[in-house]
Amino acid sequence: MTKTFTKDEIVEKAQEIAKMIAETEEVEFFKQAELQVNENPRIQQLIGQIKRFQKEAVNLEHYAKDEALKKAEDKLDALQDELDEIPLVKEFKQSQMEVNGLLQLVATTISNTVTDEIIKSTGGDVLKGTTTKSSCGTNGGCGDHNH
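As a starting point, this report considers the structure included with it. Here the structure is a predicted model, which means the values were calculated and not measured.

**Some thoughts on the packing of helix α3 (residues 41–62) against helix α4 (residues 66–84)**
Working step 1: Viewed as axis vectors pointing N to C, α3 and α4 meet at an angle of 160 degrees, and their least axial separation amounts to 9 Å. Looking at the two axes, α3 sits roughly antiparallel to α4. For the element pair α3 and α4, the recorded crossing hand is left-handed. Across the interface between the two elements, R42, I43, L46, I47, Q49, I50, F53, Q54, E56, A57, L60 and E61 from α3 touch A68, L69, A72, K75, L76, L79, Q80, E82 and L83 from α4.
Working step 2: For the contact of α3 with α4, the class distribution of residues is 13 nonpolar, three polar and five charged.

Written as structure tokens, this is what we have:
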């Protein structure tokens with residue numbers, strides 16, 4: 001019989017994996033990029049302007065000031081485009097995507113492995129994704145009969 005684990009044991013292993021992820025090149029690069037973004041006066045100025053226009057847009061929308069809202073949204077788009085064109089911001093966003101990709105890979109690997117283990121433990125077929133054995137796989141497959 002296989003060992004069963006408690007939720008606490010699983011959470012402990014997850015925390016170990018999280019610490020490993022926090023020490024990857026991807027996360028190190030992300031931390032450096034974030035630090036540089038936070039210390040860059042032009043980037044911080046643009047972020048401040050974007051936040052102000054976002055608040056203004058919310059207020060204009062609330063008071064149904066459609067023409068002024070359109071102008072505020074256009075200005076917001078222009079500021080966001082300007083921000084997105086800064087090489088440091090591009091690097092930061094790329095590093096965010098890489099860290100998120102790593103996290104997604106870990107989550108998907110765990111999910112797929114759990115599914116495969118369930119299939120195997122129930123005598124199913126991992127390739128077919130079925131959890132029970134079927135005798136219909138021989139001699140031309142199932143037909144229309146019931147199991």
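Moving on from the model shown.
**Some words on helix α5 (residues 87–121)**
Working step 1: Taking 1.5 Å of rise per residue, 35 residues should cover 51 Å, and α5 covers 50 Å from first to last C-alpha, within 8% of that figure.
Working step 2: When we look at burial in α5, the residues that qualify are L88, V89, F92, S95, V99, L102 and I119.
Working step 3: On its buried face, α5 is in contact with α1 (7–22), α2 (25–39), α3 and α4.
Working step 4: Downstream of α5 by one or two residues, G123 has phi in the positive range, about 75 degrees.

**Some remarks on the packing of aromatic side chains**
Working step 1: Summed over the entire model, instances satisfying the criterion amount to one aromatic pair.
Working step 2: Their ring planes at 25 degrees and their centres at 5.3 Å tell us that F30 and F92 sit as a pair that is stacked. Of this pair, F30 sits in helix α2 while F92 is found in helix α5, placing the two residues 62 residues apart along the sequence. Taken individually, F30 and F92 each receive the classification buried, so the pair is uniform in this respect.

Calculation notes
Residues numbered from 1 in each chain as written. Predicted model: local features only at pLDDT ≥ 70, side-chain atom pairs only at ≥ 80, totals over all residues. Heavy atoms only, no water. Axes fitted to C-alpha atoms, helices over the stretch in contact; angles between N-to-C directions. Helix = DSSP H or I, 4+ residues; strand = E, 2+ residues; numbered from the N terminus. Parallel < 35°, antiparallel > 145°, perpendicular 65-115°, else oblique. Left-handed = near helix turned anticlockwise from the far one by under 90°. Contact = heavy atoms within 4.5 Å. Nonpolar A, V, L, I, M, F, W, Y, C, P; charged D, E, K, R; others polar. Expected span 1.5 Å × (residues − 1). Buried < 20%, exposed > 50% of the residue type's maximum accessible area, 1.4 Å probe, protein only. Phe/Tyr/Trp six-rings, centres within 6.5 Å; stacked < 30°, edge-to-face > 60°.

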